[in-house]
Amino acid sequence: MKTKALLFDFDGTLIDTNDLIVQTFMQIFDEIFPGQYSTQDCLKFIGPSLKQTFDELTPGKTDEMISKYKKWNALHHDELVRGYDAVLETLEQLHSMGIKLAIVSTKGKDGLARGMKVLGAGHLFEVIVGIDDVTHVKPHAEPILLALQKLGVTEDEAIMIGDNSHDIEGGKNAGVRTAGVAWSAKGEAFLQQFNPDYMLQHMHDLIGIVKGD
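Predicted, not measured: the structure shown is a model, and the values here were computed from it. (Residues numbered from 1 in each chain as written. Predicted model: local features only at pLDDT ≥ 70, side-chain atom pairs only at ≥ 80, totals over all residues. Heavy atoms only, no water.)

Student: Got a minute to help me understand the pattern of salt bridges in this structure?
Tutor: Pairs can form between side chains of opposite charge whenever their charged atoms are close. Per the stated rule, a full pass over the model turns up seven salt bridges. Among the ionic pairs, glutamate 31 bridges to lysine 68, the shortest N-O distance being 3.5 Å. One end of the pair, glutamate 31, is in helix α1 (residues 18-32); the other, lysine 68, is in helix α4 (residues 62-80), with 37 residues separating them in the sequence. Taking relative accessible area as the criterion, lysine 68 reaches 29% and is therefore assigned partly exposed. Several salt bridges converge on common partners, so that one network encompasses Asp9, Lys138 and Asp167. (Salt bridge = Lys/Arg side-chain N within 4 Å of Asp/Glu carboxyl O. Helix = DSSP H or I, 4+ residues; strand = E, 2+ residues; numbered from the N terminus. Buried < 20%, exposed > 50% of the residue type's maximum accessible area, 1.4 Å probe, protein only.)

Written as structure tokens, this is what we have:
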């Protein structure tokens, strides 16, 4: 099967926002749950949408907590995000090969725009699907199927790539091949539990995968 499109999660996959996300959760949780959440505890909040997390942990205060999260996160965004090795160069090479590129994220459009500016790859992506565009987020198939529809490709022509279980499960639910990234904050072994079709040790591995079809 020939790969025509690559769908990427954003946070923790294309750009290292892990420290930003964890520190944001630590900051706002420390106000209401002093000393209850460690850095390790907050890693599990990477992946689910903010609504899912706060609906579970602070029922009835979801909107208030999301507002606090976004305010602190935006204020410290540029100082805490980091790039991953060769991400931009690999995306540029894939784009030059004619591969269609898309973002499928649980992040909102403002946060994605801010992160995309840091990454410097906005011109390479044909489609960006965020939480504002769908009713159901990953691991539901909806956002991935929406991206495929917008790209004009079929399920067997695409790979969903991400750093979390939601990305792998969402890809499987949508009927596309999946790839985990070994640089996931949760670790390669965690992702292997969800049986992705590929495990990327480096972003450049995608070139070999696409050429090997």
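Picking up where we left off.
Student: Any chance you could explain the environment of threonine 106 here in plain terms?
Tutor: Summarising the element assignment, threonine 106 is placed in the loop between β4 (100-104) and α6 (109-119). Taking the C-alpha atoms as reference points, threonine 106 and alanine 74, separated by 32 residues in sequence, lie 16 Å from one another. Apart from residues lying up to four places away in sequence, threonine 106 is in contact with Gly47, Pro48, Ser49, Ile131, Val137 and Lys138. (Contact = heavy atoms within 4.5 Å.)

Student: Hey, could you run me through α6 in this one?
Tutor: Within an α-helix, residues lying three or four positions from one another point in the same direction, as the helix has 3.6 residues per turn. Buried within α6 we find Gly111, Leu112, Gly115, Met116 and Leu119. Taken around the axis of α6, the buried residues stretch over an arc of 130°, which confines them to a single face. Of the exposed residues in α6, those oriented more than 90 degrees away from the buried face are Asp110 and Lys117. Buried residues along α6 sit against β2 (15-16), α4, α5 (87-96), β4 and β5 (127-129). Within two residues after α6, glycine 120 carries a phi angle of roughly 75°, on the positive side. (Arc of directions from axis to C-beta.)

Student: Help me understand the packing of aromatic side chains in this model?
Tutor: Aromatic ring pairs are defined here through the distance separating the ring centres and the angle between the ring planes. By the definition in use, this model includes 14 aromatic pairs. Aromatic side chains phenylalanine 29 and phenylalanine 33 sit 5.8 Å apart centroid to centroid with 55° between the ring planes, which places their arrangement in the tilted category. Centroid distance phenylalanine 190 to phenylalanine 194: 5.3 Å. Interplanar angle 65°. Geometry classified as edge-to-face. The structure contains a cluster of three or more aromatic residues connected by ring pairs, namely Phe25, Phe29, Phe33, Tyr37, Phe45, Phe54 and Tyr69. (Phe/Tyr/Trp six-rings, centres within 6.5 Å; stacked < 30°, edge-to-face > 60°.)

Student: What is the right way to look at the environment of leucine 91 in this model?
Tutor: Note on placement: leucine 91 falls in helix α5. On the accessibility criterion, leucine 91 (0% relative accessible area) is buried. Every residue in contact with leucine 91, bar those within four places of it in the chain, is listed here: Phe8, Leu14, Leu101, Leu119, Ala121, Leu124, Phe125 and Met203.

Student: Please clarify how the packing of α4 against α6 should be interpreted in this entry.
Tutor: The N-to-C vectors of α4 and α6 enclose an angle of 10°; their axes lie 11 Å apart at closest approach. One way to sum up the angle between α4 and α6 is to call them roughly parallel. From α4, Ala74, His77 and Asp78 reach across to α6, where they touch Arg114, Gly115 and Val118. The class makeup of the residues in the contact of α4 with α6 is two nonpolar, two polar and two charged. (Axes fitted to C-alpha atoms, helices over the stretch in contact; angles between N-to-C directions. Parallel < 35°, antiparallel > 145°, perpendicular 65-115°, else oblique. Nonpolar A, V, L, I, M, F, W, Y, C, P; charged D, E, K, R; others polar.)

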